[in-house]
Amino acid sequence: MHNLTIAELIKGLQSKEFSSVELTQHFLNRIGSLNPAYNAVITVTAEQALKAAAEADVRLAAGNAPALCGVPILHKDIFCTNGVRTSCGSKMLDNFIPPYNATVVENFEQAGAVVLGKTNMDEFAMGSSNETSFYGPVKNPWAPDCVPGGSSGGSAAAVAARLAPGATATDTGGSIRQPAALCGISGIKPTYGRVSRWGMVAFASSLDQGGPMARTAEDCALLLNCMASYDDKDSTCIDREVPDYTATLDGSVKGLRIGVPKEYFSEGLDAGIEKAVRAALANLEAQGAELVEISLPNSGLSVPAYYVIAPAEASANLSRFDGSRYGYRCGNPKDLQDMYSRSRSEGFGKEVQRRILIGTYCLSAGYYDAYYGKAQQVRKLIQQDFDRAFESVDLIMGPTCPSPAFKFGAKSDDPVAMYLEDIYTVATNLAGLPGMSIPCGMADNKPVGLQIIGNYFDEARMLNVAHQYQQATDWHDLAPEGVAS
Amino acid sequence: MNIERQEIEKLATLARIAIDDSTFSEVSQRLSSVLDLVDQLQAVNTEGVEAMSHPMQATQRLREDEVTETNQREAFQAIAPETEDGLFLVPKVIE
Amino acid sequence: MSWDTVIGLEIHVQLATKTKIFSGASTAYGAEPNTQACAIDLAMPGTLPVLNKQAVNYAIMFGLAIDAEIGQVSAFERKNYFYPDSPKGYQTTQLERPIVGRGNVEIQLADGTTKNVRIHHAHLEEDAGKSLHEGNFNSNFSGIDLNRAGTPLIEIVSEPDMCNAEEAVAFARKIHGIVTSLGICDGEMSQGSMRFDVNVSVKPSGSETLGIRTETKNLNSYKFMEEAIKREVERQIDVIEDGGTIAQETRLYNGDTKVARSMRSKEEANDYRYFPCPDLLPVVVSDEEVAELRRNLPELPDARQARFVEQYSLSDYDAGILSSDAAMAKYFEAVISACNNAKLAANWTMGELSARLNNEDLSIANSPVSAEQLGGLVTRIADNSISGKMAKEVFEGIWAGEGSADEIIEARGLKQVSDSGALEQMVADVLTANQAMVDDYMNTDEAKRKKKLGGFMGKIMQASKGQANPQQVNQILAQKLNELL
């Protein structure tokens with residue numbers, strides 16, 4: 001059952017081949033036995049899951065149940081789940097049990113999906129390797145001495161190890177796409193404002209976006225149908241009809257113009273990755289697409305701009321974690337300032353503390369114009385690059401990451417080396433565009449991801465092209481050793 | 001660019017984060033290398049470029065002035081570190 | 001050496017919306033602690049702000065009332081600082097593009113002159129919660145109540161156009177009158193609906209250079225503001241004359257102890273690191289919306305003053321006082337409705353009633369004497385049922401809750417005797433009973449007789465228990481004495 005896609009599971013549930021309870025129990029068992037090897041799931045909600053599964057079975061029997069009714073999923077531990085710990089991978093929220101649901105969680109609940117538990121992540125979504133979690137690192141199912149990517153490393157590893165057929169995740173600078181690439185699965189970060197941020201703990205408000213991870217583009221479409229909604233509790237959410245992303249998966253790619261940015265194929269890109277990505281592009285060309293070389297001249301500025309804007313916004317977003325009203329409070333605070341600084345120093349890990357300091361620096365008096373002000377202008381230049389490119393192409397494609405999954409600790413000493421893992425992904429967050437990663441090969445026996453960048457609200461086309469690619473290839477069917485049995 | 005200890009102490013105070021004496025140099029080193037990265041922005045000519053705060057040209061939605069929230073004090077304070085008589089307790093605030 | 005004082009005011013006005021500026025929690029006064037603080041107000045993780053339409057409308061109405069530029073595109077910034085009453089660790093406010101720009105307010109001074117005070121701008125922001133330093137808890141703690149957190153405020157910032165405490169108070173009163181007349185603020189200063197921060201500096205008379213200013217925060221009465229200003233001016237002059245320099249600092253004034261002091265360095269090292277709030281989008285108000293608000297503006301103090309002069313034949317000064325405060329104006333006109341005598345209504349409202357209210361620190365909204373009751377009293381004065389002296393007694397009775405004027409007059413038998421027959425008899429009786437006095441009167445020089453009348457009046461009033469109509473008695477007495485001569 002764990003080798004079936006969500007689309008196949010839905011068919012199975014609707015034709016009564018198996019029940020949601022059976023399915024749920026199966027995945028709970030898998031998590032029980034396999035998770036210790038990967039540490040992908042940090043909270044398992046077995047009781048609630050079985051209860052929801054039983055209710056789903058009733059709805060399925062009655063007929064006319066929503067598409068995802070009875071389908072088990074995992075939520076990244078950044079989405080608030082009512083009555084269930086939501087830790088954001090941090091000691092600061094280790095004891096935080098929210099009395100409310102994120103809108104994304106609510107959407108899945110309404111649809112009758114079954115929540116198996118919460119997945120591990122880089123602390124407060126700050127990281128590209130899932131090495132900063134308070135709950136320990138996540139291991140890449142393809143190479144357990146290597147990172148799964150981050151910050152949604154838990155969701156990616158869980159899907160790759162088939163502990164769940166799908167999981168929710170978030171992407172601020174590449175945190176869905178990069179782990180999807182390193183774990184050989186599919187993931188999409190929608191257009192900024194497509195998915196509600198209510199109840200999704202904020203890292204960098206103008207960049208954060210929630211999205212699905214699954215093994216196929218079709219499954220991502222099914223999940224995105226549920227995740228995307230207009231929410232009037234989120235002022236940055238855009239009121240625009242959500243299409244049925246599964247209805248347009250079958251269109252041909254003939255005539256599709258694919259932009260290939262020359263800046264994404266320069267030095268620093270692993271040769272094995274380049275080979276796999278170019279092969280994928282050739283495949284699409286053979287299917288009738290046209291490859292167009294384009295230039296995104298300000299690409300080199302995207303990492304610096306991102307590492308000003310994201311920490312700056314985060315430094316303010318994380319000020320609420322002060323030991324006063326919820327979360328971690330240090331023992332025996334001697335006065336108010338001691339409570340603040342010790343709760344935060346003891347509750348936050350080192351990377352989070354560093355980013356808060358960077359963010360504070362970039363916003364401080366005398367530096368605002370040079371850093372934050374400047375970065376926001378550069379952001380506009382980056383958006384303009386994309387606007388210009390989309391005048392002559394329909395989609396932009398390239399590698400998701402410059403290198404395959406690296407060994408634990410390999411980049412821990414050099415923050416900049418770690419930040420450069422995001423080199424191909426951050427620009428899309430800065431511009432607010434949708435971005436996706438799908439598996440397209442192997443390099444050094446580790447998965448390689450193909451990134452697809454679309455114009456605003458063009459997720460349907462992206463999923464369509466990804467699906468067409470997956471009809472013609474089978475990279476997405478591969479499983480890490482020992483997982484598919 | 002090298003970030004001075006004094007500067008870091010100021011930031012740490014503003015951010016209410018205590019930095020261990022023993023880790024000061026590590027923090028300084030790391031911050032400095034990140035700042036080297038972001039200093040690359042200085043080389044760009046952005047004259048006349050509008051700062052972008054949001055990817056969309058969207059404008060703020062306005063909410064009707066009607067009460068929609070009920071009293072949930074019990075639920076919220078059940079997860080609070082310290083409360084008394086409905087108040088959140090913190091070490092004394094000295095004005 | 002003579003000195004000039006330069007004063008600028010920042011007035012925080014709580015807007016009388018039903019809900020908070022960014023959440024749908026109630027703003028009703030007097031609720032149990034934290035029963036009106038929802039997840040957004042508590043800065044729970046993942047919560048997001050949505051702007052209250054009425055707060056925007058109220059702010060624009062204020063702008064229109066002071067003939068200001070309306071910021072048809074305005075935005076919000078985050079002002080970052082840590083304090084328990086500010087749960088997010090930042091206050092959402094407006095800095096670069098406030099909703100109201102430059103405007104003007106005309107004030108009237110006691111000597112009858114008017115002066116223009118320029119408004120620099122007015123902006124929307126959220127109020128903080130409250131810290132209680134005493135309660136049913138250990139004295140090492142403070143108790144935080146976040147009911148008030150998120151209440152919408154407009155902060156009105158004046159130019160430093162005022163030169164003394166009188167002008168500052170007149171300005172503050174004028175603003176109070178405007179916001180209460182507009183109905184955007186309930187004006188209850190005792191409840192903190194309006195709070196003043198005063199910026200004071202001194203300079204040698206005629207000098208162009210402004211001195212260093214200090215800020216005294218959070219004054220909530222005109223009396224305290226006046227005292228604080230006077231003390232601060234004296235203090236600054238003393239410091240400078242002693243050869244010192246003024247420290248630019250924030251001060252607090254305790255109206256009860258009459259002591260002002262410098263605030264602790266909470267403010268000292270504070271770099272607020274303002275940056276645009278990424279959770280909120282620019283607020284755009286159309287020309288039509290502004291025009292609609294302008295069309296529906298309630299009567300403003302200046303217009304009301306002019307109307308009072310014309311409609312009720314009041315002097316400019318009296319009209320000024322009665323029209324300055326919306327509640328006062330409403331009360332006054334209700335009194336007129338009840339008694340149809342504008343002049344007496346004005347005298348009694350401005351005189352006896354106001355004096356008593358001031359003495360007991362009551363606002364007119366909480367007057368124990370209702371407008372109908374006062375009107376009833378005025379009616380009985382006007383129709384001569386009671387004398388002026390009696391009226392004061394009746395007023396006291398109404399204040400004490402004994403009922404209406406008529407009820408008290410009846411109960412205490414205070415009805416003035418105006419029946420000429422009865423009075424004639426009374427006078428005659430007194431004259432008969434006091435032959436010696438009559439003889440004395442007869443033997444007095446004509447020039448000195450007038451003084452003796454008082455004695456007869458006294459006896460007549462005594463005999464009538466004060467209820468004889470004095471004017472009529474005077475007439476009858478004079479007549480009778482003349483007859484005897």
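As the structure is a prediction and not an experimental result, all values here were calculated from the model.

Asker: How would you explain the overall build of chain C if you had to name every residue and give the values?
Answerer: Scanning chain C for helices and strands turns up 15 helices and 16 strands. At 29 Å, chain C has a C-alpha radius of gyration far larger than the 23 Å of a compact globule built from 485 residues. With respect to the principal axes defined by its C-alpha atoms, chain C has extents near 95 × 55 × 55 Å. Per-residue burial over chain C gives 55% buried out of 485 residues. The long-range share in chain C, meaning contacts at least 24 apart out of those at least 6 apart in sequence, stands at 68%. For chain C, the accessible area works out to roughly 21,600 Å², and carbon and sulfur atoms hold 47% of it. Here chain C carries 48 positive and 69 negative side-chain charges, and the mean point of each set is 2 Å from the other.

Asker: Pulling in residues and values, what's your account of the interface of chain C and chain A?
Answerer: Listed by partner, the interface residues are 30 residues for chain C and 36 residues for chain A. Regarding the contact of chain C and chain A, the summed buried area is about 2,700 Å², with carbon and sulfur atoms giving 62% of it. The largest contributions to the chain C side of the interface with chain A come from C:P45, C:L48 and C:F82, which together make up 24% of the buried area. Salt-bridge contacts for C:D279 lead to A:R197; the nearest nitrogen and oxygen are separated by 2.9 Å. There are 13 residue pairs in polar contact (both at pLDDT 80 or more) connecting chain C and chain A. Only strand 4 (77–80) and strand 15 (275–276) of chain C provide two or more residues apiece to the side of chain C that touches chain A. Considered class by class, the residues forming the side of chain C that touches chain A number 21 nonpolar, four polar and five charged.

Asker: I'd love a proper account of the interface of chain B and chain A, names of residues and values included.
Answerer: Taken together, the contacts link 49 residues of chain B with 63 residues of chain A. Interface of chain B and chain A: buried area, both sides summed, is about 5,000 Å²; carbon and sulfur atoms make up 68% of it. On the chain B side of the interface with chain A, the three residues burying the most area are B:R30, B:L41 and B:M52, jointly 15% of the side's total. At the surface where chain B touches chain A, the tally comes to two salt bridges. Residue A:D413 pairs with B:R30 through a salt bridge whose shortest N-O separation is 4.0 Å. Applying the counting rule to chain B against chain A returns 17 residue pairs in polar contact (both at pLDDT 80 or more). Among the secondary structure elements, those contributing two or more residues to the side of chain B that touches chain A are helix 1 (5–14), helix 2 (24–38), helix 3 (73–77) and strand 3 (87–91) of chain B. With nine residues, the single largest contributor to the side of chain B that touches chain A is helix 2 of chain B. Class assignment of the residues belonging to the side of chain B that touches chain A gives a composition of 33 nonpolar, seven polar and nine charged.

Asker: Can you tell me about the pairing of strand 2 (residues 72–76) of chain A, naming the residues and giving the values?
Answerer: Residues and elements named next belong to chain A. Among the five residues that make up strand 2, five are buried, leaving the element largely enclosed by the rest of the structure. Judged by which residues are buried, strand 2 turns out to be covered on both faces: P72, L74 and K76 on one side and I73 and H75 on the other are all buried. Here strand 2 pairs with strand 3 (residues 114–119) via five bridges, running parallel. Of the residues in strand 3, the one forming a bridge with I73 is V115. As for the winding sense of the linkage, the β-α-β connection from strand 2 through helix 4 (residues 103–110) to strand 3 is right-handed.

Asker: Lay out the sheet that holds strand 7 (residues 114–126) of chain C in plain terms, naming residues and giving numbers.
Answerer: Residue and element names in this part refer to chain C. Strand order across the open sheet formed by eight strands is 6-7-10-1-11-12-13-14, with mixed pairing between neighbours. Each having just a single partner strand, strand 6 (103–108) and strand 14 (259–262) make up the two edges of the open sheet. Sheet twist, expressed as the mean angle between neighbouring strand axes with direction ignored, is 30 degrees. Examined bridge by bridge, strand 11 (residues 194–204) and strand 12 (residues 214–219) share four bridges and lie antiparallel to one another. Looking at the pairing, V200 lines up with T214 of strand 12.

Rules used throughout
Residues numbered from 1 in each chain as written. Chains lettered and ligands numbered in written order. Predicted model: local features only at pLDDT ≥ 70, side-chain atom pairs only at ≥ 80, totals over all residues. Heavy atoms only, no water. Helix = DSSP H or I, 4+ residues; strand = E, 2+ residues; numbered from the N terminus. Rg over C-alpha atoms; globule rule 2.2 N^0.38 Å. Buried < 20%, exposed > 50% of the residue type's maximum accessible area, 1.4 Å probe, protein only. Contact = heavy atoms within 4.5 Å. Areas by Shrake-Rupley, 256 points an atom, 1.4 Å probe, with all protein chains shown as cover. Lys, Arg positive; Asp, Glu negative; His and termini not counted. Charge placed at Lys NZ, Arg CZ, Asp CG, Glu CD. Buried area = accessible area lost by both parts, 1.4 Å probe. Salt bridge = Lys/Arg side-chain N within 4 Å of Asp/Glu carboxyl O. Polar contact = N/O pair within 3.5 Å; in protein donor to acceptor, adjacent residues only side chain to side chain. Nonpolar A, V, L, I, M, F, W, Y, C, P; charged D, E, K, R; others polar. Pairing = 2+ DSSP bridges. Right-handed = clockwise from strand over helix to strand, strands pointing away. Axes fitted to C-alpha atoms, helices over the stretch in contact; angles between N-to-C directions.

What is shown is where atoms sit, not what they do.
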